[in-house]
Amino acid sequence: MSTATVELAAFLRTRRERLDPRDFDLPVRRSRRTPGLRREEVAELAGVSVDYVVRLEQARGLRPSAAVVEALSGALRLTAAERAYFFDLTEQRPRATGEPATTAVPSLARLVEDLAPLPAMLMNHRFDILAWNGEMARLLLDFGTLPPAQRNAMWLCLLHPEIREYYVDRERVVREGIAHLRAAWAAHPDDPVLTALIAECTSGTAEFARLWAERDVRGTGGGSKVLRHPAAGVIAVDFEVLVPLRDTGQRLMIGRPADDESREALAARA
């Protein structure tokens, strides 16, 4: 039984159990002993047999076709990121080719520098930090002082003693980071370094293990974070994450102050 098969079974169960029957105009019977939709209800919505859904959720070796994945995605009301994750788990989407990027593409590294005074950094699909500018180092950490194995945004957020305390809304930041990491894992299931990172984080912190088990999925994107900066105080920063068309294995993260107070506080420290 493969890891992907087991993960697919667990993912489908958690997505089914989070649904509210009332959103589907289904009767809420007292006999419902478990949350969410019943398997037969999902099967009817997707146009497949109940036995098929049961076998999928029991990890009994099925590999759904693209048409079935699409039908179940609609029945379970998956988000775009969850749908992509489902397609990756069932190998119905082309896998990334070539070795994962471990060094920055020179043109992108120059772009990171040119983006100053905005803080910027370049990462690969597993969130290894490949390049950064001085503004990002002053905002978060001088990554050059760390061993290369620790230059990973997820590892730093979870296990670095200083970065752990940076985020005012830590639960949300960690939850979103794990949801991005889960999407990356489904797209790169054969990456041993990524698998080892997930294993280290799972064994190293109960927080990661708890949130990883929830199987939330998110695609690459932006967001906002409130930081307890050691010099500038509490500041709000908006982040955008962009994927270059020519180098889709790398991600460019750009930050900017979210309000005038944060802009002034950061400018005073420049």
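Residues numbered from 1 in each chain as written. Predicted model: local features only at pLDDT ≥ 70, side-chain atom pairs only at ≥ 80, totals over all residues. Heavy atoms only, no water.

Visitor: What am I meant to see in the side chain of Thr5 here?
Guide: Within the fold, Thr5 resides in helix α1 (residues 3-17). Residue Thr5 is classed as buried on the basis of its relative accessible area, which comes to 19%. (Helix = DSSP H or I, 4+ residues; strand = E, 2+ residues; numbered from the N terminus. Buried < 20%, exposed > 50% of the residue type's maximum accessible area, 1.4 Å probe, protein only.)

Visitor: Looking at this structure, I do not really get the pairing of strand β5 (residues 250-257). What am I missing?
Guide: Two faces belong to every sheet, and in a regular strand the side chains alternate between them. The element β5 is extensively covered by neighbouring structure, given that seven of its eight residues are classed as buried. Summarising the sheet, strand β1 (residues 120-124) and β5 pair through five bridges and their orientation is antiparallel. Bridge pairing in β5 links Met123 to Arg251. As paired strands, strand β4 (residues 233-242) and β5 are joined by six bridges and run antiparallel to one another. Opposite Glu240, over in β5, you have Ile254 as the bridge partner. (Pairing = 2+ DSSP bridges.)

Visitor: Just checking my understanding: could you explain the packing of aromatic side chains for this structure?
Guide: Under the criterion given, the structure shown has five aromatic pairs. Through a chain of ring-to-ring contacts, the aromatic side chains of Phe11, Tyr85 and Phe86 assemble into a single cluster. One residue, Arg182, lies across the ring of Trp212, its end atom 3.9 Å from the ring centre. (Phe/Tyr/Trp six-rings, centres within 6.5 Å; stacked < 30°, edge-to-face > 60°. Lys NZ or Arg CZ within 6 Å of the ring centre and 35° of its normal.)

Visitor: Help me understand the pairing of strand β2 (residues 129-132), please; the structure alone is not making it clear to me.
Guide: Note: β1 against β2, three bridges, orientation antiparallel. Note on β2: the bridge partner recorded for Met123 is Ile129. In sequence, β1 turns back onto β2 through a hairpin of four residues, with Phe127 there showing a positive phi of about 70°.

Visitor: Sorry, what's going on with the nonpolar core here?
Guide: Taken as a class, soluble globular proteins show a tendency for nonpolar side chains to be buried jointly. One finds Leu140, Phe143 and Leu181 to be the most contacted residues of the largest nonpolar core, which totals 64 residues. The element that contributes the greatest number of residues to this core is helix α9 (residues 170-187), accounting for eight residues. Every residue in contact with Leu181, bar those within four places of it in the chain, is listed here: Arg126, Phe127, Met154, Leu194, Leu197, Ile198, Phe208 and Trp212. By size, the runner-up hydrophobic cluster in this structure holds 11 residues, among which are Ala101, Ala104, Leu108 and Leu115. (Core = buried A, V, L, I, M, F, W, Y, C linked by side-chain atoms within 4.5 Å. Contact = heavy atoms within 4.5 Å.)

Visitor: What is the right way to look at the sheet that holds strand β3 (residues 223-229) in this model?
Guide: Consider a sheet: its strands pair through backbone hydrogen bonds, and that pairing is either parallel or antiparallel. Pairing is antiparallel across the open sheet formed by five strands, whose spatial order is β2-β1-β5-β4-β3. At either margin of the open sheet sits one strand with a lone partner, and together these are β2 and β3. On average, each strand axis in the sheet is inclined to that of its neighbour by 30°, with strand direction left out of account. (Axes fitted to C-alpha atoms, helices over the stretch in contact; angles between N-to-C directions.)

Visitor: What exactly am I supposed to notice about the pattern of salt bridges here?
Guide: Should their charged atoms come close, side chains of opposite charge can pair. Counted by the stated rule, this structure contains 24 salt bridges. Measuring nitrogen to oxygen at the nearest pair gives 3.3 Å for the salt bridge that ties Glu135 to Arg138. Linking Glu135 with Arg138, this pair stays in helix α7 (residues 134-139), spanning three residues, or about one helical turn. Relative accessible area serves as the criterion here: at 47%, Arg138 is assigned to the partly exposed category. Ionic pairing is found between Glu171 and Arg210, a salt bridge with its closest N-O pair at 3.3 Å. One end of the pair, Glu171, is in helix α9; the other, Arg210, is in helix α11 (residues 206-212), with 39 residues separating them in the sequence. By relative accessible area, Glu171 is classed as partly exposed at 33%. With relative accessibility at 41%, the residue Arg210 sits in the partly exposed group. Three or more residues joined by partner-sharing salt bridges are found here, namely Arg15, Arg18, Glu82, Glu171, Arg175, Arg210, Glu214 and Asp216. (Salt bridge = Lys/Arg side-chain N within 4 Å of Asp/Glu carboxyl O.)

Visitor: Sorry if this is basic, but what is going on with the environment of Asp25 here?
Guide: Tracing the backbone through its elements, the reader meets Asp25 in the loop between α1 and α2 (39-46). Looking at Asp25, the relative accessible area reads 73%, which means it is exposed. Sequence separation of Asp25 and Ala137 is 112 residues, and the distance between their C-alpha atoms is 52 Å.

Taken by themselves, the reported measurements are silent on function.
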